[in-house]
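# Chain and residue survey
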Amino acid sequence: MENLKVIRTSKQESLTREVELFKDEKQLAQNYINSEGFIFEEADLIPTNLKLDIEEINSKLNPKSDSESSIIIYESLKNLNLINASDKRLWTTLCHKQFMNYVQDRWPLKDTPRSIILSRWLFNGTDRTAFTRNAISRLWWAGHLTAEPWKKEPSLEFLKNDDPYKYTRIMTDVAQLWFDITEREWGGNLIYRICFLETFDRISKSKNVSATFLSRELSKIFTGVLVADVVLVAHKEPQALIEYVEELTSYLEI
Amino acid sequence: MISRVSYPNPVLGNPGDYEKEALFTFKSFTWFIENDGVSLEVPLPSINDQKLNGYFQNNEASLYLKIISPSSYFSKIIELRYDEFIEGIFKITFPIGELNKKIFFSFYLATNQTLTLEPELLSTNFPSSFPALKSDIIAKSPQWSELIDHEWDPKKSNSVSFMAVTFHIDEKEKETSVDFGRDRIMIQLPKSSYDEYIHFGESKADIIHSGIVFPVLIQAVNYVINSENNSSDEFSEKTWFQRLNQLIFDQSQELENLTPLEIAQKILKDPMKRGISYLTISDKDAESEEDY
């Protein structure tokens, strides 16, 4: 176990600027592909109280399975508070140093290295988008948003499952689901988010439709239901909300 | 601008549903950012339609707070009943981290039972009374925003901690430029100037504020003030913008009506005067050195 050091804000900024302004994109890609981990000078680093077993985590991270990777990252950093989880320096450091091999494998640089580096190794765009794009922070946030929801919200007790990560697996297995939840305002609400995933799970088991299509259509219904009926929905029990949306979908071509 | 939403019934706050003088607002909100969480004190709403206000005071309708924190993927709707206000205040505490950075909040008034409403300030386009079902929205407030910045206390932190002096990566670049498109405003010096700059200590703060920070701050204040009247506020998501906005509009009412130059002067505590004083002292030091 080692105490993690994270880069300073100024280093985070200069890394981003260097990537943005690097003239030769091919060379930039080579620098990232060939590197075995960025070496930061001591002056660029700040010590933290976070302890991580880097070797153990690296042995379990699986570039082919976002759900496996999400669970290992979330489990390893379960006690991270939300303020620290919103600290871009932590995730940038992990991407460039400790978990670099995973990031390289999961997000190959291919034809648009600059754009991939900016969004996957660093942070790009508004926070809501950026934290679900960065290669490591997205794994932690996926776990945080979906793990054991019945422990956080008593009205979700009826969804209790032996698998604490049931909803993490559902969400991380379908890129469109991930997008639909994190890009929409209602996705921030624990009850609506879990109701959405549960409804998706029930319908996808009973109907032969593509997961991407189903997620897209269901998210439209949730948006429609939740925008106008903010108070009605606040009073609706989660189970009733799931059944209500399920019923609505039966009238549509889903 | 408030967009019109289609509700089953007229809604105070929905454009066109009520007379223009009808109001649903609040005097002010008080936020406390503490180590274990963030608290919000909500005062009783000001509703000048006495009938609607009566429904709320009789608990026939409740107030609902809708709060959204995009940076922490958090949103919640909380019911605030009239009889739960203590001395006119409803205090809500959010655990640490649920609210972070720029958050948005608004209020709704909705019925707790089936009612026949007879508002006083209803637009004449509607009949003078109408039925409402349980949980129907009958009033909605504008949406407000607040900066919940756990890393920065405007009363204690350095007032220009949202700026950084750095250097041009391209060493051929010989002129200073300013980049407002990042979370901190980046003052980019030519590399050779930057190498000299980093050797300056705290003692040079007065002249640095006067010569480097001050003009950039005036421009930044300009962006913040103009965004109030301009929907294309391209920097409003940036941390520097939100912190400066908070300094100007939330923390100190004395700054609100000043010009950008005057605001920058106040924030930096008269940098021109401090710059002149620094130069005068430097001259005196130089003279005394010559004496030796």
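Residues numbered from 1 in each chain as written. Chains lettered and ligands numbered in written order. Predicted model: local features only at pLDDT ≥ 70, side-chain atom pairs only at ≥ 80, totals over all residues. Heavy atoms only, no water.

One can read the domain layout of chain B as domain 1 (24-148) and domain 2 (163-285). For domain 1 of chain B versus domain 2 of chain B, the separation of C-alpha centres amounts to 39 Å. (Domains from an automatic or database assignment.)

Our focus in this paragraph is unusual backbone geometry. Of note, A:Glu148 is a non-glycine position whose phi angle comes to about 40°, a positive value. Inspection of the secondary structure puts A:Glu148 in the loop between α10 (137-146) and α11 (149-152). The phi dihedral of B:Asn59 falls on the positive side, at around 60°, and the residue is not glycine. By the element assignment, B:Asn59 lies in the loop between α1 (50-57) and β5 (61-69). Given a relative accessible area of 16%, B:Asn59 falls into the buried group. (Helix = DSSP H or I, 4+ residues; strand = E, 2+ residues; numbered from the N terminus. Buried < 20%, exposed > 50% of the residue type's maximum accessible area, 1.4 Å probe, protein only.)

All names here are of chain B. As summarised here, the arrangement of the 3 strands in space is β13-β15-β14, forming an open sheet in which the pairing is mixed. Whereas interior strands pair on both sides, the edge strands pair on one side only; in this sheet they are β13 (163-167) and β14 (177-179). Strand after strand, the sheet turns through a mean of 25° between neighbouring axes, direction not considered. Here β14 runs beside strand β15 (residues 185-189); their pairing, made up of 3 bridges, is antiparallel. (Pairing = 2+ DSSP bridges. Axes fitted to C-alpha atoms, helices over the stretch in contact; angles between N-to-C directions.)

Another aspect to go through is the pairing of β15(B). Residues and elements named next belong to chain B. The buried count for β15 comes to 5 of 5 residues, which makes it a mostly enclosed element. Neither face of β15 is exposed, since Ile185, Ile187 and Leu189 on one face and Met186 and Gln188 on the opposite face are all buried. Alignment of β13 against β15, held across 5 bridges, turns out to be parallel. Across the sheet, residue valine 165 finds its bridge partner in β15, namely isoleucine 187. Adjacent in sequence and paired antiparallel, β14 and β15 are bridged by 5 residues.

For the rest of this paragraph, the subject is the sheet that holds strand β2 (residues 30-34) of chain B. Residues and elements named next belong to chain B. Read across the sheet, 3 strands follow the order β2-β3-β7 without closing on themselves; strand pairing throughout is antiparallel. Each having just a single partner strand, β2 and β7 (89-95) make up the two edges of the open sheet. When the angles between neighbouring strand axes are averaged without regard to direction, this sheet yields 15°. For strand β3 (residues 37-43) and β7, the ladder comprises 7 bridges, and the chain directions are antiparallel. Residue pairing in the sheet places serine 39 in a bridge with threonine 93 of β7.

Residue and element names in this part refer to chain A. Helix α8 (residues 113-121) sits mainly inside the fold: 8 of its 9 residues count as buried. Of all the positions in α8, only Pro113, Arg114, Ile116, Ile117, Leu118, Ser119, Arg120 and Trp121 are classed as buried. Lining the buried residues of α8 we find α1 (9-21), α2 (25-34), α6 (88-96), α7 (100-106) and α10. (Contact = heavy atoms within 4.5 Å.)

Listed by partner, the interface residues are 35 residues for chain B and 32 residues for chain A. In total, chain B and chain A occlude about 3000 Å² of area from one another, counting both sides; carbon and sulfur atoms represent 56% of this. Viewed at the interface, chain A and chain B are joined by 14 residue pairs in polar contact (both at pLDDT 80 or more). Counting residues per element, the ones that place at least two in the side of chain B that touches chain A are β5, β6 (74-80), β8 (101-111), β13 and β15 of chain B. Tallied by class, residues from the side of chain B that touches chain A come to 15 nonpolar, 10 polar and 10 charged. (Buried area = accessible area lost by both parts, 1.4 Å probe. Polar contact = N/O pair within 3.5 Å; in protein donor to acceptor, adjacent residues only side chain to side chain. Nonpolar A, V, L, I, M, F, W, Y, C, P; charged D, E, K, R; others polar.)

All names here are of chain A. Domains assigned within chain A are domain 1 (2-144) and domain 2 (150-251). Every contact between the two is made by 14 residues of domain 1 and, on the other side, 12 residues of domain 2. A combined buried area of about 1200 Å² lies between domain 1 and domain 2, and 54% of that area is made up of carbon and sulfur atoms. At the junction of domain 1 and domain 2, the tally comes to 3 residue pairs in polar contact (both at pLDDT 80 or more). Per-element tally for the side of domain 1 that touches domain 2: the top contributor is helix α4 (residues 66-76), with 6 residues. Grouping the constituent residues of the side of domain 1 that touches domain 2 by class yields 3 nonpolar, 6 polar and 5 charged.

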